[in-house]
Amino acid sequence: MLEANTRQHAPTSDRDVPVVVALMPATSRQRAVAVGVVVALFVVAALVAPFANVQIGRIDSFVPVLQTVLSAADLLTATLLFAQYSVQPHRALLAVASGYLFSGSAAFLQTLSFPGGYAPGGIIGDGYNTPAWFFVLWHTTFALSILAYALFKNKNDTSVRSTTANIAITLACVFGAMAALTWLVTTEVGYLPSFYTTSVTLQTRLGNQINVALLLLGSLTLLVLFVRSRTMLDLWLMVTLLAWLPNFLVAAVASSVRFSMGWYAARGFALVASCMLLSVLLTEMTVLYSRLTSALAMQRRERANRLVSIDAATAAIAHEVRTPLASITLNASTARQLVLVQPPRLEEMNEILKDIEAASLRVGATIASVRELFKEAADQPTKMCIEDVARQALRLLQHELQFNEISVVTELLAAPPLVNADPAQLQQVILNLIKNAIEAMNSVPVGDRRLNVSTRLGKNSHVLLSVQDTGAGIHPQDQSRIFEAFFTTKPAGMGLGLAVCRRIVERYAGSLVLAEASPKGSKFEVALPVVPPGNTP
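Residues numbered from 1 in each chain as written. Predicted model: local features only at pLDDT ≥ 70, side-chain atom pairs only at ≥ 80, totals over all residues. Heavy atoms only, no water.

J.: An account of the overall build of the protein chain is needed here, citing residue identities and associated values.
T.: Along the protein chain, the regular secondary structure elements total 13 helices and eight strands. Taking the intrachain contacts of the protein chain between residues at least 6 apart in sequence as the baseline, contacts between residues at least 24 apart amount to 78%. Within the structure as shown, the protein chain displays about 27,700 Å² of accessible surface, and the carbon and sulfur contribution to it stands at 63%. (Helix = DSSP H or I, 4+ residues; strand = E, 2+ residues; numbered from the N terminus. Contact = heavy atoms within 4.5 Å. Areas by Shrake-Rupley, 256 points an atom, 1.4 Å probe, with all protein chains shown as cover.)

J.: Go over the nonpolar core with me, naming the residues and quoting the values.
T.: Residues L81, L233, W236 and L237 are the most contacted members of the largest nonpolar core, which totals 74 residues. Secondary structure elements with two or more residues in this core: α1 (28–48), α2 (62–87), α3 (91–113), α4 (130–152), α5 (163–186), α6 (205–227), α7 (232–253) and α8 (261–339). Here this core takes 13 residues from α3, the largest share from any one element. Apart from the residues within four sequence positions on either side, L237 is in contact with V96, Y100, I146, Y149, L225 and L277. (Core = buried A, V, L, I, M, F, W, Y, C linked by side-chain atoms within 4.5 Å. Buried < 20%, exposed > 50% of the residue type's maximum accessible area, 1.4 Å probe, protein only.)

J.: If you had to explain unusual backbone geometry to someone new, which residues and values would you point to?
T.: Notably, E405 is not glycine yet its phi reads approximately 55°, a positive angle. E405 sits in the buried class, given a relative accessible area of 4%. The backbone phi angle of A509 is positive, close to 65°, even though this residue is not glycine. Along the polypeptide, A509 turns up in the loop between α13 (497–507) and β7 (511–518).

J.: Got a sec to walk through the confidence of the model for the protein chain? Specific residues and values, please.
T.: Per-residue pLDDT for the protein chain averages 80, and the proportion of residues at 70 or more is 83%. When pLDDT is averaged over each helix and strand of the protein chain, the minimum, 48, is found for strand β1 (residues 2–8) and the maximum, 93, for α5. Contacts of residues 6–18 to residues separated by more than four positions or lying in other chains number 41 contacts, the stretch itself having pLDDT below 50. (pLDDT = per-residue confidence, 0-100.)

J.: Run through the side chain of D469, naming residues and quoting values.
T.: Note on placement: D469 falls in the loop between β6 (462–468) and α13. Although D469 is buried, it makes no salt bridge; R450 carries the closest opposite charge, 9.8 Å away. A distance of 2.8 Å separates a polar side-chain atom of D469 from the backbone nitrogen of G471. Not counting residues up to four positions away in its chain, the partners in contact with D469 are A437, A440, M441, R450, K520, G521 and S522. (Lys, Arg positive; Asp, Glu negative; His and termini not counted. Salt bridge = Lys/Arg side-chain N within 4 Å of Asp/Glu carboxyl O. Polar contact = N/O pair within 3.5 Å; in protein donor to acceptor, adjacent residues only side chain to side chain.)

J.: Account for a nonpolar patch on the surface, naming residues and giving values.
T.: Taken together, the side chains of V35, V39, V43 and L47 present a nonpolar region at the surface, about 370 Å² in accessible area. In this fold, V35 is placed in helix α1. (Patch = residues over 30% accessible without salt bridge, like charges linked within 9 Å, V, L, I, M, F, W, Y side chains within 5 Å.)

J.: Describe in detail the pattern of salt bridges, supporting the description with residues and values.
T.: As enumerated under the stated definition, the model contains six salt bridges in all. Between R391 and D388 there is a salt bridge; the shortest N-O distance is 3.4 Å. Residue R391 and its partner D388 are both found in helix α10 (residues 386–396); the two are separated by three residues, about one turn of the helix. Judged by relative accessible area, which is 31%, R391 ranks as partly exposed. A salt bridge links K523 to E516; the nearest nitrogen and oxygen atoms lie 3.9 Å apart.

J.: An account of the pairing of strand β4 (residues 418–421) is requested, with residue identities and associated values reported.
T.: In β4, alternate side chains face the same way, and those of V419 and A421 are buried while those of L418 and N420 on the opposite face are not. As judged from the four bridges shared by strand β2 (residues 382–385) and β4, these two strands associate in the antiparallel manner. When the sheet's bridge partners are listed, M384 is paired in β4 with V419. (Pairing = 2+ DSSP bridges.)

J.: Would you mind going over the packing of aromatic side chains in detail, with residue names and values included?
T.: This structure, assessed with the given rule, holds five aromatic pairs. On the basis of an interplanar angle of 50° and a centroid distance of 4.8 Å, the ring pair of W133 and F195 is categorised as tilted. Of the two residues, W133 is situated in helix α4 and F195 in the loop between α5 and α6; the sequence distance between them amounts to 62 residues. Across this residue pair, the class does not change: W133 and F195 are buried. A ring pair is formed by F135 and W138, whose centres lie 6.2 Å apart and whose planes are at 70°; its orientation type is edge-to-face. Pair noted here: F135 and W138 are both in helix α4, with a separation of three residues, about one helical turn. With respect to class, F135 is no different from W138; both count as buried. Following the ring pairs from residue to residue traces out a cluster consisting of F135, W138 and W244. (Phe/Tyr/Trp six-rings, centres within 6.5 Å; stacked < 30°, edge-to-face > 60°.)

J.: Help me get a handle on the environment of P529, residues and values and all.
T.: Along the chain, P529 turns up in strand β8 (residues 521–529). A C-alpha to C-alpha distance of 9.6 Å links P529 and K459, two positions 70 residues apart in sequence. For P529, the contacting residues outside a window of four places in its chain are L418, V419, N420, S461, H462, Y508, A509 and G510.

J.: Can you explain α10? Please cite residues and give values.
T.: I386, E387, V389, A390, A393 and L394 are the residues of α10 that are buried. Buried residues of α10, viewed axially, fall in a sector of 160°; they line one side. With respect to the buried face of α10, the exposed residues turned more than 90 degrees away are R395 and L396. (Arc of directions from axis to C-beta.)

J.: Tell me about the side chain of R449, and please be specific about residues and values.
T.: Counting through the fold element by element, R449 comes out in the loop between α12 (423–440) and β5 (450–457). In this structure the side chain of R449 is engaged in a polar contact, spanning 3.1 Å, whose partner is the backbone oxygen of N442.

J.: Break down the packing of α4 against α5 for me, citing the residues and quoting the values.
T.: One way to put it is that α4 packs onto α5 with a least axis distance of 9 Å and a crossing angle of 150°. Considered as vectors, α4 and α5 are oriented roughly antiparallel to each other. Seen along the crossing, α4 lies across α5 with a hand that is right-handed. In contact with T130, W133, F134 and L137 of α4, α5 contributes L181, T182, V185 and T186. Classifying every residue of the contact of α4 with α5 by side-chain character gives five nonpolar, three polar and no charged. (Axes fitted to C-alpha atoms, helices over the stretch in contact; angles between N-to-C directions. Parallel < 35°, antiparallel > 145°, perpendicular 65-115°, else oblique. Left-handed = near helix turned anticlockwise from the far one by under 90°. Nonpolar A, V, L, I, M, F, W, Y, C, P; charged D, E, K, R; others polar.)

Put into structure tokens, the structure is as follows:
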């Protein structure tokens, strides 16, 4: 029986490493979490909806506290997005960062102008319409920024300016625009249409119409993002937009908006929306940092172990070789003296040459024995499942597969037999084969890139692991030489990978062969003998 599994790695427009969290393809786990969050938001909204118009009292400290936290969350999110852009300059990230800059700035400015926030009539503006206009600017600029990101995120453009210069220009443009808009809705608010006239809680019909327009703009942005969604950033921006919709719904259908049950609930949704992407970025960056730390720690331990092994090997060789070398030196000196004696003492010369020969053989035997000693220490075969090693290799190369937009199909045995091999060395073999397959598919159109990793039982009690790609294949004249040392078809290759892989597999009585080769791809097969059931622990 086979367990078949197909994974489509989402494409991105920029495949160059290093990888940034925002542009990583969304995983099934992240989609499940996002769906759970959306369902929870809709459940809460449905529970609050019947009481949306109920006035529950004016709490002046509510807006300053909530929107200060909201503004800080948006500005932190923008900072993280700018940091991601500095690592991997993708211009679409600047659009999202700009949206969060607009959002954080407008939220803070609305707090300063909100009646009862920091002053009875607000610190800036007229206390009636200025906060409402900041609300309109807030959500218009945010939605337009996300819409720009959704429309241009797949455009692979380059800039002659440095990332620092682009970030500085973006900051200047955003804050310059916010300064001009702030002047307009505070100093010149009397020339703008009014949202509130007689009361700070009773909005005009224009207010309802503007909120309908904001609802349509947010829905349009959500639809475009949904159609073009591929990455983790797309997924959580959609959740953020969905969390904002209750604000517009409440304001669109109700005349008495401020300080109602629906108004307070909508502001809570706004806080959740602002913290959504920030929480995801921090979580994923922490996980990525943890994995990087573990990988570096393992690399350091491996390097330390190798240095210890090298030091021990050289010490052992020096200790064992020093004595016969000293004997050879002494005998050679004596032989030179006997050559000068008249007549030559041939019998003694013969004995000396025998001693030199014996010492030389002892040096060779010493080097061979020490080499075997450390070879056995490094090679630690054990009974293992080759499918587990294949899955681990695919996990290690997951990001490389994602950024090369390769679909992975695995067809593994449901009840795999055991083989006898060193897991680390066998993993290196599989990693090398998969990396070769990835490189072979670079020239193939994105939709045709497919990697198949499968196992099956072969003849003579062998288990076969196949790595098949849909690349350009191997030229017929090169097929007989690809396992030769220092032969390579790559522009920057040493030609040792496949030669070393074949030697490792043959060490465990197995074989590595090129099973298929055509212009539509290549297939390599690793065959290893199955451990008899009686020898299985």
